[in-house]
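So the chains spell out like this:
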Amino acid sequence: MDDLFGMEAARGWESDEQFGSIVIRRLGPGFWLAAAWIVFIVTAAALAPWLPIADPNETGVGGRMEAPGWSNWFGTDNNGRDMFARTIWGARVSLVVGFMSILLGIFVGGTLGMISGYFRGMVDRVISFVVFVLLAYPGLVLALLIVGLAGQTLPIVATTLGILAIAPIARLSRATTLAYAEREFVAASRVLGATDQRIMVHELLPNVLIPMGALTLLGMAITIVAEGGLAFLGLSVEEGFSWGKMIVLGSAPRTLREGPWVAMFPIGAMFVTVLSLNYAGDRLREYFDVREIGIGQS
Amino acid sequence: MAGSGTAQLRESDKMVLRVENLVMEFPAGIHQVVHAVSDISFDVQRGETLGIVGESGCGKSTTARAIVQLPKPTSGTVLLDPGTDAEIELTAKEGEELRAIRPRIQMIFQDPISSLNPRRRVRDIVAEGLSIWREEYPDVDVEAQVDEVLTAVGLDPEVAASRRPHQFSGGQCQRISIARALALNPEILICDEPVSALDVSVQAQIINILEEMKERYGLTLIFISHDLSVVRNVSDRVVVMYLGKVCEVGDSNTLFSEPAHPYTRVLLASAPEPSAVVDESESAIGDELPSPMDPPSGCRFRTRCPRTTGLCASEEPVMAKVGLDHFVACHFPGSP
Amino acid sequence: MCAKSGLGKADMAAPLLSVSNLHVGFATEKGLVRAVDGVSFDLTEGQTLGIVGESGSGKSVTAKTLMNLLPSYARVGGSITFDGRDVRAMATEGERHFWGVEMTMVFQDPMTSLNPVKRIGEQIAESLRVHLKRTRSEAKDEAGDLLQQVGVPEPRKRLRQYPHELSGGLRQRVVIAMSLACSPRLLIADEPTTALDVTVQKHILDLLDELREERGMTMILITHDLGVVRGRADQIMVMYAGRTMEQADTATLFSQMRHPYTEALLETIPRIDMASHTRLIPIPGMPPELVDVPDGCLFSQRCRSCSDSCLTDQPPLEVCGPMHVCACHTPVGTEAGAAARAANREAGVTPAGLDMGTFTAVEESA
């Protein structure tokens, strides 16, 4: 007699947004927006030489310090170079440095963390010690040291930032590995006769890789900003230019007064990119976390 | 009890496993040691089910892990095929040699969810053993073998094999675990609390499957549980443990109908529906389990035992025969 | 569907707690989960009701609904009356001195109720100070007395300890002391001993029983184990998939059980005095998902006595004896039940498609 659970009521309840649902397993429109921006900026940067845009190094494309307009969308800088072209070309260095460094960080840090978390004991103590030292050592000083000694080329700048990323990534990877190494499926695999190597690759890696994947995006956001920081100290790549270097050039007091757009556009590009990377990374992490919770719930 | 001694070991070439004077200690802080398992011995006959029963902290799971050398015990020996020409001392094997013996002893665990890798498909999980030993079993049709064991545990390979563990209930996950263990055709299957995490209506399914598999694949089972009724039901022989020691060993029906160790009697009297062979008042003991880092001298059960005397504190009881295939480590065994 | 069980209605005194047609649903992305689907019961003051069921049976959700502990996205229907007061109305009005005072709960894992960074004494004293406005020193004295009452050795020393310094059994005693602080009239114990060792389990259950008797408390004891409630509850309600399957006073339930699920539960669990290798009668399959609940009886897919009507009509909860209700078309011990089982055995398969062979092999060997 009570139709509280009748189909009518059930349908009504499900559409009732106020109560929400227990599990939201969707990435949401925000994620897709962020992803679209990332795809756009990456594609534009990759295809920069073939795009119908001005030569970023050619001076006098427009007048000096021309405000944004129809001929030069983002205006020009004090050498009369097209800021739109420069922002897209600048993305190349920023993104490559950001991506290469986080890749290095994840590869080395992730591996060290997994080894440390899986084998425990002496190996763990040694690796953990190195990680602690890396964490305690001021990152900026390390970067100054490496770039100062080895030179300001793109691979070296990327490597430097990558080294800085190793320690925090190693810690995360170790913690994730520890959590999974305790699980009984790892014991089961050993009982079946699997070698350590096989357990790490077949059982642990797929589980550690998921949180790591989300971290790639978050980490890239950090390294892009870090590259900007290095540029500010004049330690970024010598050849070519990145968003960071463009911001430095644009933030000279006189330039800033006469043409704020020179700094504004690279700042804006960096901001939107970092925001998108952070947001997408965060959503991905949550998405996969929820999947984990879903286990066992039939 | 809780004593040492090896009187309960049987002289026979039918034994498939013998655990002798097994000790497992873990470091805990500075100069502290957890005495998880202290000098226990038992053996398992081919085709029999040995039940190990005791409360949390008694060392039953540690014992199970020690048999498969995960980790290696602190001291003592674990022998496969003891007393025969094929005798293998597991505790003396390392690395590749140990790995080569592993398929002979398989294990299933308590937590059906944690036992299966959430990122792998059921087919890969069940085939894992065969794919590790692919070179040793070149003739085995992996696909067919996986289908066979999945069917044996009551799952439809067509439906199950391509799914991931989170699409299954606890009972089904436990079936998958059993299938994974069986795929390598083991001789011994160690079941560590295999039904404790399952709903009561599913427990009997898993127990019945284990019994069927035992028959079908000629397995020897070591069944570990805190649940006396379940242990009695599945076991031929039972070992009762307390705080890292063995209290009582014997034929399942004998041990449960004539419990001789005070601790066994307490367990039987404490069950939600107490056994008729003991008086319910026998369940009145202290709640506090002594620390395994500083176990009591002499008999480890003496701090909670109703029969304790000075002798129990000064001298550790040794395993003694009290009946046909019934051994107990107590200075004052029998009914009160 | 039959709304009211009628159980306890004959009693002279008005029941302390009266639950009527309780529904609890959770909206999930798979659909509406019907965690509790029309549960009714009355509980007379001073009595113990045992609620028995597996995970997903709705027993814990029922308890949480009583305790106003459901998450905000839960949908609740039906009425709950405690001593003439509307409990659900109190929840919406934000009544603070009802839960934890007149109605309290003990959970399975004592650590969920204990704050790990606070001393035991403070935690017990807190509810005394909040609800009963005791001063700090009064509350501390009372906390000591309470620990003594629940059989905690050296209660004064324990007051200064932290939860992690106690064993599981002692922690559960502390939780019981906390829940008793304001002299509740109804205590709900949700699997209070499941996380404990068997030797400790009995002591905790005995303690709850003693306290109930001493204080004239009413109690709801929730468990998955029929054995736990057998000697301790006055009435037992068996739940399955959110519905009441059978409810009766304890003696009747065990001597004249009517529902095939109750029977199956008893037969599937090994008993301690059963000889080794006694074949257990399994309950095939698994509990149903509570989303898109099918028509008919929810146990029909796993039931030996399933008849055609079980698949289409949900059996109403009907009185089948004094103080005894059961929701089944083919109850055990009736002609209809025997006929349905005989017909299934004849056909070798139940109308739900369950192979009777799984049962007969075991029944014959027994």
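Just so we're clear, the structure is a prediction, and the values are computed from it rather than from any experiment.

So, about the interface of chain B and chain C. If you look at the interface, chain B gives 43 residues, while chain C gives 38 residues. A combined buried area of about 3,500 Å² lies between chain B and chain C, and 49% of that area is made up of carbon and sulfur atoms. Sorting the residues of chain B by area buried against chain C places B:Val200, B:Glu273 and B:Asp287 first, and these three jointly supply 18% of that buried surface. Put simply, chain B and chain C have three salt bridges between them. Between B:Glu212 and C:Arg279 there is a salt bridge; the shortest N-O distance is 3.8 Å. Counting the contacts that link chain B with chain C gives 25 residue pairs in polar contact (both at pLDDT 80 or more). For the side of chain B that touches chain C, the leading source of residues is helix H7 (residues 200–217) of chain B, giving 10 residues.

Next up on the list: unusual backbone geometry. Residues and elements named next belong to chain B. Residue Leu70 is joined to Pro71 through a cis peptide bond whose omega torsion reads -5°. Looking at the element boundaries, Pro71 is found in the loop between helix H1 (60–67) and strand S4 (75–80). Phi is positive for Asn185, close to 55°, though the residue is something other than glycine. By secondary structure assignment, the location of Asn185 is in the loop between helix H6 (170–182) and strand S7 (188–192).

The next thing to look at is the nonpolar core. Residues B:Val126, B:Ile178, B:Leu210 and B:Met213 are the most contacted members of the largest nonpolar core, which totals 113 residues. Here the element with the most residues in this core is helix H8 (residues 196–232) of chain A; it accounts for 10 residues. Setting aside residues no more than four positions away along its own chain, B:Val126 makes contact with B:Val146, B:Val149, B:Leu150, B:Ile176, B:Ala179, B:Arg180 and B:Ala183. Residues C:Ala143, C:Leu205, C:Ala233 and C:Cys303 belong to the second largest nonpolar core, which totals 63 residues.

We now examine the packing of H8(A) against helix H9 (residues 243–250) of chain A. All names here are of chain A. Closest axis-to-axis distance for the H8/H9 pair is 7 Å, and the angle between their directions is 45°. In terms of orientation, H8 lies oblique with respect to H9. The element H8 and its partner H9 pack so that their crossing is right-handed. Facing Ile224, Glu227, Gly228, Ala231 and Phe232 of H8, the residues of H9 in contact are Trp243, Gly244, Lys245, Ile247 and Val248.

Let us now look at the pattern of salt bridges. Per the counting criterion, the structure on display carries 44 salt bridges over all chains. Where A:Glu182 meets A:Arg120, a salt bridge forms, and the shortest distance between an N and an O atom there is 3.9 Å. Residue A:Glu182 is found in the loop between helix H6 (154–181) and helix H7 (184–192), and its partner A:Arg120 is found in the loop between helix H3 (83–119) and helix H4 (121–136); the two are separated by 62 residues along the sequence. A:Glu182 gets classed as exposed once you look at its relative accessible area, which sits at 58%. Of the charged contacts, one joins C:Glu267 and C:Arg304 as a salt bridge, the two residues approaching to 2.5 Å between their closest N and O atoms. Residue C:Glu267 is found in helix H11 (residues 260–268), and its partner C:Arg304 is found in the loop between H11 and helix H12 (308–312); the two are separated by 37 residues along the sequence. Linked through salt bridges whose partners overlap, the residues forming this network are B:Arg10, B:Asp43, B:Glu48, B:Arg237 and B:Asp325.

Rules used throughout
Residues numbered from 1 in each chain as written. Chains lettered and ligands numbered in written order. Predicted model: local features only at pLDDT ≥ 70, side-chain atom pairs only at ≥ 80, totals over all residues. Heavy atoms only, no water. Contact = heavy atoms within 4.5 Å. Buried area = accessible area lost by both parts, 1.4 Å probe. Salt bridge = Lys/Arg side-chain N within 4 Å of Asp/Glu carboxyl O. Polar contact = N/O pair within 3.5 Å; in protein donor to acceptor, adjacent residues only side chain to side chain. Helix = DSSP H or I, 4+ residues; strand = E, 2+ residues; numbered from the N terminus. Core = buried A, V, L, I, M, F, W, Y, C linked by side-chain atoms within 4.5 Å. Buried < 20%, exposed > 50% of the residue type's maximum accessible area, 1.4 Å probe, protein only. Axes fitted to C-alpha atoms, helices over the stretch in contact; angles between N-to-C directions. Parallel < 35°, antiparallel > 145°, perpendicular 65-115°, else oblique. Left-handed = near helix turned anticlockwise from the far one by under 90°.

Such coordinate-based values are descriptive only and should not be taken to indicate function.
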